[in-house]
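Residue-level listing of the chains:
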Amino acid sequence: MTGIFVLEQALNGLQFGLMLFLLASGLTLIFGVMDMINLAHGSLYMVGAFLCAWLTSATSSFVFGVLGGVVLTALFGAALEVSLLRSLYARDHLSQVLATFALILILNDGVKMVFGSDLPLAAPAALDGPVELLPGLMYPAYRLVILAVGFGLALLLYVLVQKTRLGALVRAGASNREMSGAMGVDVARLFTVVFAIGAGLCAVAGGLLGPLLAVQVGMGENILILAFVIIVIGGIGSIRGAFLAALLVGLVDTLGRSFAVDIMRLFLAPSPARTVGPAIASMLIYLLMAVVLYLRPAGLFPAKGR
């Protein structure tokens, strides 16, 4: 275990955390403003990844593929909210869970019918090589682009939520939806815009992670669990909380999986350490969530009014 390797894994954790933030930010906005549990949010990540891969193959341009996939996924999300999810707002959370779980199955089969079980998606050839960040630290150029895009979108989302009229309406809706409607806010249109933004952010994560992970049916389910962990740790409805929680989860998960076995070898024989280490690593983010909830039951930075 060297300092260079630790730094490299820390960068991987930051990159993973930023992509998780793009998913969790949309989910926490939807949950915070609409008070709706949307289990199909991970399916939007899958749809976005497939659209990005399909457009990249059709146009031979990764940039156009990702941008086009984001726009199409945002439009798909808006249409989904208007046609189906809007009828669930007045229902209880159990009804929302059951309906959106059914939507997961429908979207999985729908994507399989249209695109097949998987699609190839490769990073641009210009970003294939490594970049020397420090003497001895060579880091993939594509992962650096993901870091830059992630931080840029996080900053843009912060400005959107904190400094614009739309952001003020979102914060007001998260704090008191009924009062916002009484003050003349078009709550239905606000919900559609928020859902489209959340869907677009999912597509960004799906398109950028596609070359690193497999673009396949069902890819959204596992990452959805991490997104829910993030919004619970950060505080429902809080973009700042989602950002810090996503970075924490990304770092804890990546560093834990990289060094858990080595740490266990300090206390156990090599053979038990190889068994216990991965098991503990897979539990770390849930232990982190338990500790945060014990100390701050509402999360790190809960939205005002919650």
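Just so it is clear, the model here is predicted, and its values are computed rather than measured.

Q: Can you explain the packing of helix H10 (residues 239-264) against helix H11 (residues 270-295)? Please cite residues and give values.
A: Relative to each other, H10 and H11 sit at 160°, their axes nearing to 8 Å. One element, H10, and the other, H11, form an angle in the roughly antiparallel class. Handedness of the H10/H11 crossing: right-handed. Listed contacts from H11 to Leu248, Val249, Val252, Asp253, Gly256, Arg257, Ala260, Val261 and Met264 of H10 are Ala273, Arg274, Val276, Gly277, Pro278, Ile280, Ala281, Ser282, Leu284, Ile285 and Leu288. A per-class count over the contact of H10 with H11 returns 14 nonpolar, 3 polar and 3 charged.

Q: Explain helix H3 (residues 62-83) to me, and be specific about the residues and the numbers.
A: The terminal C-alpha atoms of H3 lie 31 Å apart, and with 22 residues this matches the ideal 32 Å at 1.5 Å per residue to within 8%. When H3 is considered as a whole, its buried residues turn out to be Phe62, Gly65, Val66, Gly68, Gly69, Val70, Thr73, Ala74, Gly77, Ala78, Leu80 and Glu81. Two or three places before Phe64, at the start of H3, stands the capping residue Ser61, its side-chain oxygen 3.2 Å from that residue's backbone nitrogen.

Q: Before we move on, could you go through helix H8 (residues 187-209) and cite the residues and values that matter?
A: Over its 23 residues, H8 extends 33 Å from the first C-alpha to the last, a length consistent with the 33 Å expected when each residue adds 1.5 Å. Burial of H8 is extensive: 19 of the 23 residues sit out of reach of the surface.

Q: Quick one: what's the story with the pairing of strand S2 (residues 130-134), residue by residue and with numbers?
A: Look at any regular strand and the pattern is simple: side chains alternate between the two faces of the sheet. Strand direction decides the pairing type here: S2 and strand S3 (residues 137-140), joined by 4 bridges, are antiparallel. Paired with Glu132 across the bridge in S3 is Met138. The turn joining S2 and S3, which pair antiparallel and follow one another in sequence, is formed by 2 residues; a positive phi near 90° is taken by Gly136.

Q: Requested: an account of the packing of aromatic side chains, with residues and values cited.
A: Each aromatic ring pair is summarised here by two numbers: the centre-to-centre distance and the angle between the ring planes. On inspection of all chains with the given rule, the structure shows 6 aromatic pairs. On the numbers, 6.2 Å between centres and 55° between planes, the contact of Trp54 with Phe115 is tilted. Pair noted here: Trp54 is in helix H2 (residues 41-59) and Phe115 is in helix H4 (residues 93-115), with a separation of 61 residues, a long-range link. Judged by its relative accessible area of 43%, Trp54 falls in the partly exposed class. According to the relative accessible area criterion, Phe115 is partly exposed, its value standing at 22%. Ring pairing ties together the aromatic residues Phe21, Phe151 and Phe243, which thus form one cluster.

Q: Talk me through the pattern of salt bridges; I want residue IDs and the actual numbers.
A: Under the criterion given, the structure shown has 2 salt bridges. Measuring nitrogen to oxygen at the nearest pair gives 3.3 Å for the salt bridge that ties Arg86 to Glu81. Classification of Glu81 by relative accessible area gives buried; the value is 0%. With a closest N to O distance of 3.0 Å, Arg257 and Asp253 form a salt bridge. Taken together, the residues span about one helical turn, with Arg257 and Asp253 both in helix H10 at a distance of 4 residues. Relative accessible area serves as the criterion here: at 51%, Arg257 is assigned to the exposed category. For Asp253, a relative accessible area of 9% translates into the label buried.

Q: Now, about the environment of Met219: what can you tell me, with residues and values included?
A: Residue placement: Met219 occurs in helix H9 (residues 219-234). Here Met219 falls in the buried class, since its relative accessible area comes to 12%. Taking the C-alpha atoms as reference points, Met219 and Val47, separated by 172 residues in sequence, lie 9.6 Å from one another. Other than its neighbours up to four places away in sequence, Met219 contacts Tyr45, Met46, Ala49 and Ala214.

Q: Give me unusual backbone geometry: which residues, what numbers.
A: Even without a glycine there, the phi angle at Ser60 is positive, about 60°. Within the secondary structure layout, Ser60 lies in the loop between H2 and H3.

Q: Can you tell me about the packing of H2 against H4, naming the residues and giving the values?
A: Viewed as axis vectors pointing N to C, H2 and H4 meet at an angle of 10°, and their least axial separation amounts to 10 Å. By the angle between their axes, H2 is roughly parallel relative to H4. Contacts from Ser43, Met46, Val47, Phe50, Leu51 and Trp54 in H2 reach Ile104, Leu107, Asn108, Val111 and Phe115 in H4. Of the residues contributing to the contact of H2 with H4, the split by class is 9 nonpolar, 2 polar and no charged.

Q: Summarise a nonpolar patch on the surface; cite the residues concerned and give the values.
A: Where nonpolar side chains cluster on the molecular surface, the patch consists of Leu7, Val131, Leu133 and Leu134 and spans about 280 Å² of accessible area. It is S2 that contributes the most residues to the nonpolar patch, 3 residues altogether. Tracing the sequence through the fold places Val131 in strand S2. Judged by relative accessible area, which is 34%, Val131 ranks as partly exposed.

Definitions and cut-offs
Residues numbered from 1 in each chain as written. Predicted model: local features only at pLDDT ≥ 70, side-chain atom pairs only at ≥ 80, totals over all residues. Heavy atoms only, no water. Axes fitted to C-alpha atoms, helices over the stretch in contact; angles between N-to-C directions. Helix = DSSP H or I, 4+ residues; strand = E, 2+ residues; numbered from the N terminus. Parallel < 35°, antiparallel > 145°, perpendicular 65-115°, else oblique. Left-handed = near helix turned anticlockwise from the far one by under 90°. Contact = heavy atoms within 4.5 Å. Nonpolar A, V, L, I, M, F, W, Y, C, P; charged D, E, K, R; others polar. Expected span 1.5 Å × (residues − 1). Buried < 20%, exposed > 50% of the residue type's maximum accessible area, 1.4 Å probe, protein only. Polar contact = N/O pair within 3.5 Å; in protein donor to acceptor, adjacent residues only side chain to side chain. Pairing = 2+ DSSP bridges. Phe/Tyr/Trp six-rings, centres within 6.5 Å; stacked < 30°, edge-to-face > 60°. Salt bridge = Lys/Arg side-chain N within 4 Å of Asp/Glu carboxyl O. Patch = residues over 30% accessible without salt bridge, like charges linked within 9 Å, V, L, I, M, F, W, Y side chains within 5 Å. Areas by Shrake-Rupley, 256 points an atom, 1.4 Å probe, with all protein chains shown as cover.

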